[in-house]
Amino acid sequence: RSPSVTNLRHHAMILSDFERLVLSRLDGTRTVEGVLQSLLDDVAEGRMNLEAHGTPVASPETSRELLSNALNSALFHFASQALLVDELGGVQGRE
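Reading the values: the criteria
Residues numbered from 1 in each chain as written. Predicted model: local features only at pLDDT ≥ 70, side-chain atom pairs only at ≥ 80, totals over all residues. Heavy atoms only, no water. Helix = DSSP H or I, 4+ residues; strand = E, 2+ residues; numbered from the N terminus. Expected span 1.5 Å × (residues − 1). Buried < 20%, exposed > 50% of the residue type's maximum accessible area, 1.4 Å probe, protein only. Arc of directions from axis to C-beta. Contact = heavy atoms within 4.5 Å. Core = buried A, V, L, I, M, F, W, Y, C linked by side-chain atoms within 4.5 Å.

Caption draft 1: Seen up close, helix 3 (residues 60-80). With 21 residues, helix 3 ought to run about 30 Å at 1.5 Å a step, and its terminal C-alpha atoms sit 30 Å apart, in line with that. Considered for burial, the residues of helix 3 that qualify are S63, L67, L71, A74, L75, F78 and A79. End-on, the buried residues of helix 3 take up no more than an arc of 130°, which puts them together on one face. For helix 3, exposure combined with an orientation more than 90 degrees from the buried face picks out E61, E65 and F76. Contacts from the buried residues of helix 3 go to helix 1 (17-24) and helix 2 (32-44).

Here's what the structure looks like:
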């Protein structure tokens, strides 16, 4: 897979593995909480490893906090780079 996607302004954007994973789940069927829960499920079921400062995270509370922060950061990045469309079909992050 290419780390590059094209935004709604027709510009190529390079995404991290985590951002690509999040973007693939933004299909309109999940709320932000639903996306977060799917990421937490990936960690709990061993499909994704979560580390803090090089140490595996074992606590569900810490996992939720870290993934919530990372998800919010990714969503902000997507909106600012015109990778999201609002529920009325408008482009988020329009210049």
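Moving on from the coordinates now.
Caption draft 2: Up close: the nonpolar core. One finds L39, L67, L71 and F78 to be the most contacted residues of the largest nonpolar core, which totals 19 residues. Listed by contribution, the elements that provide at least two residues to this core are helix 2 and helix 3. When sequence neighbours within four positions are dropped, the list of residues in contact with L39 reads F18, L21, V22, R25, M48 and L67.

These values are about where atoms sit, not about what they do.
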